[in-house]
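Descriptive analysis of the structure
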Amino acid sequence: MAGTVVRKVFSTFLHTKSSTQPIYAISSQTGLRFKSKYKAAVIHELKQPLVIEEQKQKKLQKDEVRIKVKCCSVNASDIMICQGLYEVTPKLPFIPGYEVSGEILELDSKSEGGLKVGDRVIGLNKEHFSGFAEECILPSSDVWQLPSAIDFNTAAALADSYSTALIGLVRRGKLKQNDKVLITAAAGGLGLAAVDIAANVYRAKVIAVCDTEDKAALLRDRGAWAALTYSPKDIIKKCAEVTNGQGVKIVFESVGKDVFNSILKCVAPEGVVIVAGTASRLVPAINTSELLPSSFSLIGVSLRNYRRSNHDVYRQIIQDAIDMADQKLINPVVAKEFSLEKVNEAMQYVLDKKSTGKVIIKMKQDD
């Protein structure tokens, strides 16, 4: 029921408020002019469309960085938070978006990481969001320098999904070459990242699960050993077939619902099920007795939790993802780009499950 309501909301026509003449400020660090007002997509009431409005710049606080946003990805959590379905309850008015790429406009003198004005960067603003805007402020500890070989579009599709996949598959799942891996929701941003890492970096044998035959074909092109569409019986049958009844060592699961109960029957003895999300928003009940027959492990992973509980790992795992992209070991997929003015259409596109990969909001380039 909730999903139906969500899908209807963002199809509402977006009204854009008229903008005023830009006002400029001078950077105390460089003497360069930059706009002291900027456009952002704002939600004033949960379950209502976002509206483009002009925002006044806020003064930087300790350790903060101001970024001129070039691109911001549209993630499921952005949509859920606007619907009041996420673990974070926003204080309204609220600007969604947390996975950004851009350039540093200004930074506090105590900012960490050797950052400087003009640097190309990736940012994950999971504390304050505000990425659906021409600029945003975030802690310097949530900013990474962007190598010149990685464009802004790719950068906005990189950090969140690939670092989560690395934590789940490699840090917790101990992925090795030739391991058999089952990945659900494999055609989404997180799923494609998991397929990319498992199949193309670690040379594992990936069984990818998605919702259409077209997406299954794409996944095979992206390196999946086998790809199939959702059907609880088919998943169990196909896994038994391609593993000779032995099961898979790792399941990377981010759907929930009936799919979760099916994948439990696909795990090899002493295997591991990595729970990285519940795209269906239907969290299944788990009987602990189901863990016993194959003696497998059930592990949850959350990048947000690592940020709070193990910041060094959080910093390093995202740097690892950036390094992999810089070395062309991985290839993040951008499914479609939208302008800031089309932000509601972008969110609807994600809700309609049309995307294979990340959906990006791309800001207009000014003079």
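Everything below is about the structure shown above.
Residues numbered from 1 in each chain as written. Predicted model: local features only at pLDDT ≥ 70, side-chain atom pairs only at ≥ 80, totals over all residues. Heavy atoms only, no water.

Observations concerning a positive patch on the surface
Together, R171, R172, K174 and K176 make up a positively charged patch on the protein surface. As for its position among the elements, R172 is in helix α4 (residues 159–172). Among the residues examined, R172 registers a relative accessible area of 34% and is labelled partly exposed. (Patch = residues over 30% accessible without salt bridge, like charges linked within 9 Å, V, L, I, M, F, W, Y side chains within 5 Å. Areas by Shrake-Rupley, 256 points an atom, 1.4 Å probe, with all protein chains shown as cover. Salt bridge = Lys/Arg side-chain N within 4 Å of Asp/Glu carboxyl O. Lys, Arg positive; Asp, Glu negative; His and termini not counted. Charge placed at Lys NZ, Arg CZ, Asp CG, Glu CD. Helix = DSSP H or I, 4+ residues; strand = E, 2+ residues; numbered from the N terminus. Buried < 20%, exposed > 50% of the residue type's maximum accessible area, 1.4 Å probe, protein only.)

Points about the nonpolar core
Counting residues in each nonpolar core, the largest one holds 99 residues, and the members touching the most others are F132, L169 and L219. Filtering out sequence-adjacent residues up to four positions away, L169 remains in contact with K174, L175, V181, A194, I197, A198, I250 and F252. Core analysis: the next-biggest nonpolar cluster, separate from the first, contains 20 residues, I207, L228, V273 and F296 among them. (Core = buried A, V, L, I, M, F, W, Y, C linked by side-chain atoms within 4.5 Å. Contact = heavy atoms within 4.5 Å.)

Structural notes on unusual backbone geometry
For residues other than glycine, phi is negative in most cases, and the peptide bonds are mostly trans. Of the consecutive residues L92 and P93, the connecting peptide bond is found in the cis state with omega at -5°. Looking at the secondary structure, you find P93 in the loop between α2 (76–82) and β6 (99–107). One non-glycine residue, S130, lies in positive phi territory at about 80°. Locating S130 in the fold gives a position in the loop between β7 (120–124) and β8 (135–139). Look at E270: it is not a glycine, yet its phi comes out positive at around 65°. With respect to the helices and strands, the residue E270 is situated in strand β14 (residues 267–275). On the basis of relative accessibility, which here comes to 71%, the residue E270 falls in the exposed class.

The values reported here are purely geometric and, on their own, carry no functional implication.
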